[in-house]
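# A look at the structure
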Amino acid sequence: MTNWLHHIPILIVAVPLISAPICVLFTFGANRKAAWLWTLLVSWFAFLCAIYLLNHVLENGEISYHLGSWKPPLGIEYRIDLINAFVLLIVSGISAVAVPFGRLVVDREIEPDRQILFYTSYLLCLTGLLGVTITGDAFNIFVFLEISSLSSYVLIAMGVRSDRRALTAAYNYLILGTVGATFFVIGLGFLYMVTGTLNIMDLSDRLMQLADNKAVHAGYAFIIIGLALKMALFPMHVWLPNSYTYAPSLISIFLAATATKVSIYVLLRFLFTVFGFSFDFIPLTLTFIFLPLAIIAIFFGSIGAIFQTNIKRLFAYSSVAQIGYIVIGIALSNTIGLTAAVLHIFNHALIKGAIFMAAGCLVYRVGKLTTDSIRGLGKEMPWTFSALILAGLSLIGIPTTVGFISKWYLLLGIMENGWWPLIPLIVIGSLLAVVYIWKIIEVAYFFPAPPDRAPVSEVPIELLIPLWILIGCNFYFGIQADITIGIAKEAATILLDNRP
Amino acid sequence: MSTELVIALALITPLIGSIGIFLCANIPNLRETITLLSAGVLFTFICFLLHQISNGQNASFRLFEVIPNLMIAFNIEPLGMLFATIASGLWIINSLYSIGYMRGNQEEHQTRFYICFAIAISSSMGIAFAGNMFTLFIFYEILTLSTYPLVTHKGTPEAKAGGRRYLGLLIGTSIGFQLIAIIWTWFLTGTLDFTPGGILSGKIEPTILPFLLALYMFGIGKAALMPFHSWLPAAMVAPTPVSALLHAVAVVKAGVFTVLKVVVYIFGIEFLSSTGASTWLIWVASFTLLASSLIALSKDNLKARLAYSTVSQLSYIVLAAALATKLSILGAGLHIATHALGKITLFMCAGAIYVATHKTEISDMDGLGRIMPFTFIAFAIAAFSIIGLPPFAGIWSKWYMALGAANLELYLIIAVYMVSSLLNVGYLLPVVARAFFKPLPQQLQASGSKSLREAPLLCVIPLCITALGCLVLFFFAGEVIDLLRPIVN
């Protein structure tokens, strides 16, 4: 038994990977429900694995798993410490609640003959994200990043009921995502050229002595820009709003909650573990490039959100802003700031997962998601809208929600660094969130329904349960935050410990 | 029964009440019985706690840890006890009045009204018993959110606009300033517990202390310090029982109560007065006090006039807190009680006038005193109390606050108190004078005074009780001062 558990690090990636082609086999019976069930089982399996891994790491410290028993740095190593165990939990956890939500919405949004392929791509996307997170090999990161990206291009392109706008959104994402991935791999090439290794720990050791090497600097620049594109940091966010808006609901939920987070995790890995502050322009990039961009992202995203009329796009813009908050946490590069960043990766996944699920419920019932089409719906869909409001409060950062915990730590981190001028900016940012959440509440509750609209009923309970599970998490981890804070703090310490 | 258990029960009784109200939505009589019943039960609990604390007993309990070392914690202390007593006692009276008013006006959504009301009371209890600033902040926000549906109750565009301003200003200031102040305090001291003597002493540079104080004072938007006062007049669109709740019972009192808590238990009176960090606040509060009294003079709408009067009266308390002397703090605490009784009476009178005659403008109220004698006599008594005339309670709080200023030899401040009392006379007494001494307009006389009569009994009885309270408290103000004395020693 212990022997089997020892292989969980590879199983969490391999099982979804292998189950993707198996999923295609369901086309023979055209059994859509079986494909969904299969995806569900795989998601839950990954979630259980992630829980096991997190527990194991919490109790016994980090895990180093050698693929095929080849010793690193020659063989590929899966290296799990608290940070990626946490991110694995986020990715698989969101998938575990999103897939149960998915059956009805996928039935509604995707043509029947494409559904099985949809689930196949979904499994590949899940594989990619889990793989990026778990691997301790830099090139492996690139491979899995491409697996997740390529499958998400496909998934986005399917669109809600073959919405043709999804095609251009996916195309944009394809171009920019590929540019990002290429930058990333070019950067890796530079590092490999200089060090001759791709194992992250090994890279980190060897880079210590190469702080003045120009190739390393170039590699650093390429990697950072590639990742910034993947995580949609302003001004490289342009692919994000349309992709989230036109993607099928399940994909919006899954990607909004996890995809950019995983890229942020990779960024953290490279900034703190691989380069590990081994050369002094990391603090410089953080303070003079990332910080200003993050601030602009917060304002651009929040103000952009205020002016959107499509609800999904509104929240996509809000995601751009939220990434800004996480990046500020990183740019602080003190323990509390990084704690805030790691916390917000988790918390924002819960918030945006819930919000896009609520949006999915609206698509299910109303179809169009403009602010006009939800007029007066608050009374007709009370559960969906109260969930949307509660998630919105969490996004704003009202106490007892997870958003509040993130904000608390972010502000503490800023005070720790003495960057006082940032505080009013953060505050204005969260007040802007009040404005765009408020806009939705007002339309849904205070505007009369258009007279020509047929009565709308609440969505089935099958959709409400996953939605409310996420809402529950938003409050549970907002009140009992010591669990997540404990992990995030530990993770932040691990990241900073690498500093020589 | 252990004291801790009673605190917990006091917090959840209104919530249980709100569930009961929800379940009995279709049986109005039972629904209102539940409101009154939970108000009565709550008041009993509070009286028990009051008895405990006057015996010198203390109690505290912790619910759980939110952030390491930061708890949701509750305890009882004199100031909170006073606030809880006022809020729970007036809830009973206000509920009686609400029944009369809401039925008299045939308002819609009454169930929602009573549920939100109960939740608001519950969060007031949370504020009163909060053991640290963090817990207080949470309940402060719940109070804002739960009173929002009450403010927009009528659902008219005007109500929505008022509600937007209400929510925008209260949430905006609390997140924008108060939260920052709280996190800053936590950053400096590593604790947020309400500690006698304050927690900041020696932890902060005296030069930046005024900034922290400013974040707190403007962040507590419910205390309506200018320029963040406009939510209060905007919230006047709400039904009158709500205005009474906002102005006398829960919301504004929660604001000034928080101000006092922050001054007494976070900053510490001595630390504040020795550093002089609150000097600026003295002037801002004085300005608010006089300016809003002047604005009140110019308002013809009775509720708007009373709203600005509230803004002014709240600044008495903030001013007293800024003076940071023992006497002024005692006076401020007492003023929470005296103003609550006076202002709730005035608002209930305004509501009673509206129910009986549908009049809102003061200039239309000529001669109504003879038709509604009880209402207008109660109005006069409450007005005298607010002005500070003996034998009504208002004089004692003003007395102590002025003594506090005299102790510091700030004669200008005493002048401010005196001028504002004159302004109180100027904006409150004309209402009474018009009602009693001017004749009823011709067309009303023509239509026959039979159609005009005193408001329903359920409206009139509560306001008579609170008016009587203004008189009774005059004789028992010493008890309140004795209750409060431990907080300054």
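Read on for an overview of the structure. (Residues numbered from 1 in each chain as written. Chains lettered and ligands numbered in written order. Predicted model: local features only at pLDDT ≥ 70, side-chain atom pairs only at ≥ 80, totals over all residues.)

Bringing the overall build of chain A into the picture now. For chain A, the helix and strand inventory stands at 20 helices and two strands. Against the globule reference of 23 Å for 500 residues, chain A gives a C-alpha radius of gyration of 22 Å, in line with a compact fold. (Helix = DSSP H or I, 4+ residues; strand = E, 2+ residues; numbered from the N terminus. Rg over C-alpha atoms; globule rule 2.2 N^0.38 Å.)

Counting its secondary structure elements, chain B contains 20 helices and two strands. Expected size for 489 residues packed as a compact globule is a radius of gyration near 23 Å; at 21 Å, chain B falls within 12% of this value. Projected onto its principal axes, the C-alpha coordinates of chain B cover approximately 75 × 55 × 45 Å. Buried residues in chain B amount to 61% of all 489 residues. Counted over contacts in chain B with a minimum sequence separation of 6, partners at least 24 positions apart contribute 81%. (Buried ≥ 20, exposed ≤ 12 C-beta atoms within 10 Å, placed from the backbone. Contact = placed C-beta atoms within 7 Å.)

The subject of this paragraph is the environment of Ile199(B). Residues and elements named next belong to chain B. Mapped onto the fold, Ile199 is located in the loop between α6 (157–189) and α7 (209–219). Sequence separation between Ile199 and Asn132 is 67 residues, and the spatial gap between their C-alpha atoms is 11 Å. In this view, Ile199 contacts Thr189, Thr191, Asp193 and Ile266; residues no more than four positions away in its chain are not counted.

Before going further, it helps to spend a moment on the interface of chain A and chain B. Tallying the contact residues gives 19 residues for chain A and 17 residues for chain B. Of all the secondary-structure elements, those providing two or more residues to the side of chain A that touches chain B are α17 (402–417), α18 (422–446) and α20 (482–497) of chain A.

Here we take up the environment of Ile461(A). All names here are of chain A. As for its placement among the helices and strands, Ile461 is situated in helix α19 (residues 461–479). For Ile461, a count of 9 C-beta atoms within 10 Å translates into the label exposed. Here the alpha-carbon distance between Ile461 and Phe45, two residues 416 residues apart in the chain, equals 24 Å.

Our focus in this paragraph is the packing of helix α14 (residues 335–366) of chain A against α20(A). All names here are of chain A. Look at α14 against α20: their axes get within 8 Å of each other, and the N-to-C directions meet at 125°. Between α14 and α20, the crossing angle belongs to the class labelled oblique. Relative to α20, α14 is oriented so that their crossing is right-handed. Across the interface between the two elements, Thr335, Leu338, Thr339, Val342, Leu343 and Phe346 of α14 pack against Thr484, Ile485, Ala488, Lys489, Ala491, Ala492, Thr493, Leu495 and Leu496 of α20. Considering only residue class, the contact of α14 with α20 consists of 10 nonpolar, four polar and one charged. (Axes fitted to C-alpha atoms, helices over the stretch in contact; angles between N-to-C directions. Parallel < 35°, antiparallel > 145°, perpendicular 65-115°, else oblique. Left-handed = near helix turned anticlockwise from the far one by under 90°. Nonpolar A, V, L, I, M, F, W, Y, C, P; charged D, E, K, R; others polar.)

For the rest of this paragraph, the subject is helix α13 (residues 311–332) of chain A. Residue and element names in this part refer to chain A. With 22 residues, α13 ought to run about 32 Å at 1.5 Å a step, and its terminal C-alpha atoms sit 32 Å apart, in line with that. With 22 of 22 residues buried, α13 is to be regarded as a mostly interior element. Following α13 by one or two positions, Ser333 adopts a phi angle in the positive range, close to 45°. (Expected span 1.5 Å × (residues − 1).)

The next point concerns unusual backbone geometry. In this structure, Pro235(A) follows Phe234(A) across a cis peptide bond, with omega equal to 0°. Among the structural elements, Pro235(A) can be located in the loop between α9 (214–230) and α10 (239–246). We note that Ala324(B) has phi near 55°; this positive angle belongs to a residue other than glycine. Positive phi, normally seen in glycine, also occurs at Glu409(B), with a value near 60°. Secondary-structure assignment places Glu409(B) in the loop between α17 (394–407) and α18 (411–437). A residue is classified by how many C-beta atoms lie within 10 Å of it, and Glu409(B), with 9 of them, is exposed.

Turning our attention to helix α8 (residues 200–207) of chain A. Listing the buried residues of α8(A) in full gives Ile200(A), Asp202(A), Leu203(A), Ser204(A) and Leu207(A). Structurally, α8(A) contributes buried residues whose contacts are with β2 (77–80), α6 (138–158), α7 (165–195), α9 and α11 (249–274) of chain A.

Attention now goes to the packing of helix α5 (residues 133–151) of chain B against α6(B). All names here are of chain B. With their axes 10 Å apart at the nearest point, α5 and α6 run at an angle of 175° to one another. Considered as vectors, α5 and α6 are oriented roughly antiparallel to each other. The residues of α6 that touch α5, namely those facing Met133, Phe134, Phe137, Tyr140, Glu141, Thr144, Tyr148 and Val151, are Gly162, Gly163, Tyr166, Leu167, Leu170, Ile171, Ser174, Gln178, Leu179, Ile182 and Thr185. Broken down by class, the residue content of the contact of α5 with α6 amounts to 12 nonpolar, six polar and one charged.

Quick look at the pairing of strand β1 (residues 60–67) of chain B now. Residues and elements named next belong to chain B. As paired strands, β1 and strand β2 (residues 70–75) are joined by five bridges and run antiparallel to one another. Note that in β2 the partner of Arg62 across the bridge is Ala73. Hairpin connection of β1 to β2: two residues between the antiparallel strands, including Asn69 at a positive phi of 70°. (Pairing = 2+ DSSP bridges.)

Here we take up the environment of Phe118(A). Residues and elements named next belong to chain A. Among the structural elements, Phe118 can be located in helix α5 (residues 112–134). You can call Phe118 buried: it has 25 C-beta atoms within 10 Å. Setting aside chain neighbours within four positions, we find Phe118 in contact with Val106, Ile110, Leu155 and Met158.

None of the figures reported here should be taken as evidence of function without further support.
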